[in-house]
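Inside the fold
Letter by letter, the chains look like this.
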Amino acid sequence: MTGDVTVISGPTAVGKGTVVQALRALHPKLWVSVSATTRAPRPGEVDGQHYLFVSEAEFDELVASDGLLEWALVHGSDRYGTPAAPVRAAVAAGRRVILEIEVQGARQVKARLPEVRTVFIAPPSFDALRDRLAARGTETPAQVARRLRTAEGELAAAAEFDHVVVNDDLGAAVGQLVELLGL
């Protein structure tokens, strides 16, 4: 697979989705992959738009058939992955592709596609990340604690990425991405 593929990653609650949504609003021709997940939808999430919500068996079939560009068990409970066929089709059509994925998945994509551009979205501080996660109100206290433990390891991975963008101010973060992507 060749083409212009950018991986955008970072820890839970850092605002990856918000940043990518704002970037796409400015540049609607960007093609953003929709990840598959075994977790249940959160309030307001739409299947096929926010995620492809699949059963454990369906995810197993995607893995067995090499139907995922990457996949990972995230936060010790749910699996996430990037369906390969839509990404390949978008690249073949000459689209600029954005993969908004977890750190584990970003490593897999970089191993499979060394030419991809990788961008790590970082919080201004760990306290800010903790506050954002708590403010979402979508996880139990045990889930928040597990996500924060995962985030500590993910933050340590920032140096593995080509670029780091601190999401302290949404407009500034999106502006940095626009510059990095040459949009």
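Scroll up for the structure.
All values reported here derive from a predicted model rather than from experimental measurement.

Let's shift gears to the nonpolar core. The biggest cluster of nonpolar side chains holds 22 residues, and the ones touching the most others in it are Ile8, Leu23, Ile98, Ile121 and Leu177. Every element with two or more residues in this core is listed here: α1 (16–26), β8 (117–122), α5 (126–136), α6 (141–156) and α7 (170–181). Beyond its immediate stretch of four places on either side in the chain, isoleucine 121 contacts Ile8, Ser9, Gly10, Pro11, Val14, Lys16, Val19, Val165, Asn167 and Leu177. Among the nonpolar cores identified, the runner-up in size contains 21 residues, and Val91, Leu113, Val116 and Ala122 belong to it.

Two numbers describe a pair of aromatic rings. These are the distance of the centres and the angle of the planes. Following the criterion strictly, the structure yields four aromatic pairs and no others. The interplanar angle of 65° and the centroid separation of 5.7 Å between the aromatic rings of tyrosine 51 and tyrosine 80 together place this pair among those described as edge-to-face. Of this pair, tyrosine 51 sits in the loop between β3 (36–37) and β4 (52–53) while tyrosine 80 is found in strand β6 (residues 78–83), placing the two residues 29 residues apart along the sequence. Each member of the pair, tyrosine 51 as well as tyrosine 80, carries the same accessibility label: buried. Ring geometry for phenylalanine 59 and tryptophan 71: centres 5.9 Å apart, planes at 75°, overall edge-to-face. Taken as a pair, phenylalanine 59 in helix α2 (residues 56–64) and tryptophan 71 in strand β5 (residues 68–74) lie far apart in primary sequence, twelve residues in all. Given a relative accessible area of 0%, phenylalanine 59 falls into the buried group. Residue tryptophan 71 is classed as partly exposed on the basis of its relative accessible area of 33%. Site record: aromatic cluster; members linked through ring pairs are Tyr51, Phe53 and Tyr80. For arginine 39, the ring lying beneath its charged end belongs to tyrosine 51, and the centroid distance is 4.8 Å.

A full pass over the atoms with the stated rule returns nine salt bridges. For lysine 110, the salt bridge is made with aspartate 162, and the minimal N-O distance between the two is 3.7 Å. Note that lysine 110 is positioned in helix α4 (residues 103–112) and aspartate 162 in the loop between α6 and β9 (163–166), a separation of 52 residues in sequence. Of the residues examined, lysine 110 reaches a relative accessible area of 28% and is grouped as partly exposed.

The next subject is the pairing of β8. Of all six residues in β8, five are buried, a share of seventy percent or more. Pairing between strand β1 (residues 5–9) and β8: four bridges, direction parallel. Bridged to isoleucine 8 within β8 is valine 119. The pairing of β8 with β9 spans four bridges and is parallel.

Rules used in this analysis
- Residues numbered from 1 in each chain as written.
- Predicted model: local features only at pLDDT ≥ 70, side-chain atom pairs only at ≥ 80, totals over all residues.
- Heavy atoms only, no water.
- Core = buried A, V, L, I, M, F, W, Y, C linked by side-chain atoms within 4.5 Å.
- Buried < 20%, exposed > 50% of the residue type's maximum accessible area, 1.4 Å probe, protein only.
- Helix = DSSP H or I, 4+ residues; strand = E, 2+ residues; numbered from the N terminus.
- Contact = heavy atoms within 4.5 Å.
- Phe/Tyr/Trp six-rings, centres within 6.5 Å; stacked < 30°, edge-to-face > 60°.
- Lys NZ or Arg CZ within 6 Å of the ring centre and 35° of its normal.
- Salt bridge = Lys/Arg side-chain N within 4 Å of Asp/Glu carboxyl O.
- Pairing = 2+ DSSP bridges.

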